[in-house]
Amino acid sequence: RAGDGQVRILVGSYDGYLYCLEALTGRPIWSYKTGSYINGSPAIVQDRCIIGGCDSLVHMISVPDGNAIGTVESGSYIAGSVAVRDEHAYVGNYAGDLLKISVEDGRIVWRNSLGDVPILSCPAIWKDVLVFGARDKRLHCLDLGTGKEIWSFLTMGNVDCSPVICDGKVIFGSDDGRLYVVSLDNGRLLWSYQVGKPIVGGPAVGYGVVVTGSEDGNVYAFGHLE
């Protein structure tokens, strides 16, 4: 919701533009051009929109008017969405870097590098830790303050799925066709279910039920995961 009380929708496009639309009518309000495709979803911090692009830049844009505030060079193109927490943005790139960026001044606070392992997953954050998937077939857990790895969990396929944290557990899917539930504390496997086809999209959690889609064309719902 903008300062004038108007509800707005922000959406990126393969034409390289970020569009701002009036929610009620769909009327275009402004557009912001990046240098390449936009795959990820935008994040909002106060009156700023933060989004990564395939031009390798993290863009910071004024939500009221669509003017550029600044950009941060990540080092490789960004296909995933940005997560935000306490005036910082967290995003991975195709070179295997997970970055923590200050929204206030665009400074890179830390960079954790997996070494040429693409990251398409949007990080999930809880208290002082961050978890994300990568194409080294692992779910990674980092210390939010330092960027140091705490633990990782190995699957049998790429983890492009964006994880969800709930009740001390991390829920995510893998290209190996499984939905996993692991402990947030130590990455220990608690439960898994073999769907059979890759799970790429992030699961949804609500009312004690986990819902996820699969590339087999089905939607699955699970309850009471232990």
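To be clear, the structure that these remarks concern was listed above.
Residues numbered from 1 in each chain as written. Predicted model: local features only at pLDDT ≥ 70, side-chain atom pairs only at ≥ 80, totals over all residues. Heavy atoms only, no water.

Aromatic rings in a pair are described by how distant their centres are and how their planes are angled relative to each other. Under the defined criterion, the tally for this structure stands at 11 aromatic pairs. Pairing Y90 with W110 gives two aromatic rings, centres 6.2 Å apart and planes at 50°, and the pair type is tilted. You can see Y90 sitting in strand β9 (residues 88–92) and its partner W110 sitting in strand β11 (residues 108–113), a full 20 residues away along the chain. Each member of the pair, Y90 together with W110, is buried. Note on F153 and Y180: the rings are 5.4 Å apart at their centroids and 65° apart in plane angle, and the pair reads as edge-to-face. On the criterion of sequence distance, the pair formed by F153 in strand β15 (residues 149–154) and Y180 in strand β18 (residues 178–183) is long-range, its members being 27 residues apart. You'll find F153 and Y180 in the same group, each marked buried. Members of the aromatic cluster, connected to one another through ring pairs, are W191, Y193, Y220 and F222. (Phe/Tyr/Trp six-rings, centres within 6.5 Å; stacked < 30°, edge-to-face > 60°. Helix = DSSP H or I, 4+ residues; strand = E, 2+ residues; numbered from the N terminus. Buried < 20%, exposed > 50% of the residue type's maximum accessible area, 1.4 Å probe, protein only.)

This part is about the environment of Y77. Along the polypeptide, Y77 turns up in the loop between β7 (68–73) and β8 (83–85). Using a relative accessible area of 36% as the deciding quantity, one classes Y77 as partly exposed. In this structure the C-alpha to C-alpha distance between Y77 and I38, which are 39 residues apart in sequence, comes to 9.8 Å. Non-local contacts of Y77, meaning those with residues more than four positions away in its chain, are made with G53, C54, S56, N93 and Y94. (Contact = heavy atoms within 4.5 Å.)

Generally speaking, soluble globular proteins have nonpolar side chains that are buried together. By size, the foremost hydrophobic cluster in this structure holds 14 residues, and its most contacted members are V131, L139, W151, F153, V170, F172 and V182. Looking at this core, the elements with two or more residues in it are β13 (129–133), β14 (138–143), β15, β17 (169–173) and β18. Other than its neighbours up to four places away in sequence, V170 contacts V131, L139, P163, V164, I165, Y180, V181, V182 and L184. (Core = buried A, V, L, I, M, F, W, Y, C linked by side-chain atoms within 4.5 Å.)

Bridging between strand β2 (residues 17–22) and strand β3 (residues 28–33) involves 5 bridges; their strand directions are antiparallel. The residue of β3 that forms the bridge with L21 is P28. Taken together, β2 and the strand that follows it, β3, pair antiparallel across an intervening segment of 5 residues, in which G26 is found at a positive phi of about 80°. (Pairing = 2+ DSSP bridges.)

Moving on, we come to the pairing of β15. Examined bridge by bridge, β14 and β15 share 5 bridges and lie antiparallel to one another. Looking at the pairing, C141 lines up with W151 of β15. In this structure, the hairpin formed by β14 and β15 is closed by a connection of 5 residues, where G147 is found at a positive phi of approximately 80°.

This next bit is on the sheet that holds strand β12 (residues 124–126). One open sheet holds the 4 strands; their spatial order is β12-β13-β14-β15, and the pairing between them is antiparallel. The open sheet has two free edges, formed respectively by β12 and β15, since each of these has just one partner strand. Between one strand and the next, the sheet's axes are offset by a mean angle of 15°, whatever the strand orientation. Pairing analysis gives 3 bridges linking β12 to β13, with the strands arranged antiparallel. Each residue of the ladder has a partner; that of A124, found in β13, is V131. (Axes fitted to C-alpha atoms, helices over the stretch in contact; angles between N-to-C directions.)

Secondary-structure assignment places T155 in the loop between β15 and β16 (164–166). At 2.7 Å, the side chain of T155 and the backbone oxygen of G157 are in polar contact. A polar contact of 3.1 Å, which involves the side chain of T155, links it to the side chain of S174. Beyond its immediate stretch of four places on either side in the chain, T155 contacts K137, F172, S174, D176 and Y180. (Polar contact = N/O pair within 3.5 Å; in protein donor to acceptor, adjacent residues only side chain to side chain.)

The tally for this structure, following the rule as stated, stands at 6 salt bridges. A salt bridge links R85 to D86, with the nearest nitrogen and oxygen atoms 3.3 Å apart. Exposure remark for R85: the relative accessible area of 27% places this residue in the partly exposed category. Here K169 and D167 are joined by a salt bridge, their closest N and O atoms 3.2 Å apart. For K169, a relative accessible area of 14% gives the class buried. For D167, a relative accessible area of 65% gives the class exposed. (Salt bridge = Lys/Arg side-chain N within 4 Å of Asp/Glu carboxyl O.)

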